[in-house]
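Chain and residue survey
Here is how the chains run, residue by residue.
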Amino acid sequence: MRQQLTATWKALLRNRAARNRYQAAKARHDMRAWQVDRRKRTRHLIELGGLVVKAGLVNLTGGDRAMIYGALLWMAEKLQSNRSEQARALRAAKGAQAFAGVGDPEGTDPIVPAAARKSVGKPWEDQ
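The following refers to the structure shown. Just so it is clear, the structure is predicted and the values come from calculations on it, not from any experiment. (Residues numbered from 1 in each chain as written. Predicted model: local features only at pLDDT ≥ 70, side-chain atom pairs only at ≥ 80, totals over all residues. Heavy atoms only, no water.)

What about the overall build of the chain?
Of the regular secondary structure elements, the chain holds six helices and zero strands. In the chain, the succession of helices and strands from N to C terminus is α-α-α-α-α-α. The 127 residues of the chain split such that 13% are buried. Across the chain, contacts joining residues at least 24 apart in sequence account for 47% of those joining residues at least 6 apart. (Helix = DSSP H or I, 4+ residues; strand = E, 2+ residues; numbered from the N terminus. Buried < 20%, exposed > 50% of the residue type's maximum accessible area, 1.4 Å probe, protein only. Contact = heavy atoms within 4.5 Å.)

Let's talk about the side chain of Gln35
The topology assignment puts Gln35 in helix H2 (residues 33-54). Excluding residues within four positions of it along the chain, Gln35 makes contact with Ala27 and Asp30.

Structural notes on helix H4 (residues 65-79)
The end-to-end C-alpha distance of H4 is 21 Å, a good match for the 21 Å that 15 residues give at a rise of 1.5 Å each. Two or three places before Ala66, at the start of H4, stands the capping residue Asp64, its side-chain oxygen 3.2 Å from that residue's backbone nitrogen. (Expected span 1.5 Å × (residues − 1). Polar contact = N/O pair within 3.5 Å; in protein donor to acceptor, adjacent residues only side chain to side chain.)

Notes on a nonpolar patch on the surface
A contiguous nonpolar surface patch, about 520 Å² in accessible area, is contributed by Tyr69, Leu72, Leu73, Trp74 and Met75. Relative to the helices and strands, Met75 resides in helix H4. (Patch = residues over 30% accessible without salt bridge, like charges linked within 9 Å, V, L, I, M, F, W, Y side chains within 5 Å. Areas by Shrake-Rupley, 256 points an atom, 1.4 Å probe, with all protein chains shown as cover. Salt bridge = Lys/Arg side-chain N within 4 Å of Asp/Glu carboxyl O.)

Let's talk about the environment of Leu72
Structurally, Leu72 can be placed in helix H4. Sequence spacing of Leu72 and Val52 is 20 residues, and the spatial spacing of their C-alpha atoms is 9.9 Å.

Structural notes on the side chain of Ser84
The residue Ser84 is located in helix H5 (residues 84-100) in this model. Judged by relative accessible area, which is 14%, Ser84 ranks as buried. When residues no more than four places from it in sequence are discounted, the contact partners of Ser84 are Lys78 and Leu79.

Considerations on the environment of Met67
By the secondary structure assignment, Met67 is in helix H4. Considered as a pair, Met67 and Leu57 are 10 residues apart in the sequence and their alpha carbons are 9.3 Å apart.

What follows is the structure, encoded as structure tokens:
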């Protein structure tokens with residue numbers, strides 16, 4: 001009787017493990033619209049965080065989130081000012097140059113936009 005209970009208990013544990021593996025696999029491949037949207041948003045946020053690292057802000061600030069957030073707020077103010085078009089053009093050109101010089105000649109870096117992989121004409125100066 002004890003052997004049968006032990007065998008039944010082990011079978012139950014194997015069944016639970018199999019069920020958990022099945023549910024995990026199903027969740028990985030779930031293609032409901034809200035999950036697809038959530039995955040896209042998560043990937044986008046991870047890529048944006050990668051840009052903060054790629055720009056060197058983490059090393060320069062020692063990972064101080066308040067300072068990084070303050071710098072981003074300052075940039076948002078500049079982009080909302082009366083000279084926003086000039087600031088946008090300047091920052092876009094500077095970013096494209098930086099992407100071009102990152103050392104990703106194959107274009108395999110998912111963070112680098114395709115438009116930025118092309119070489120930029122002349123160097124832009126910060127004003």
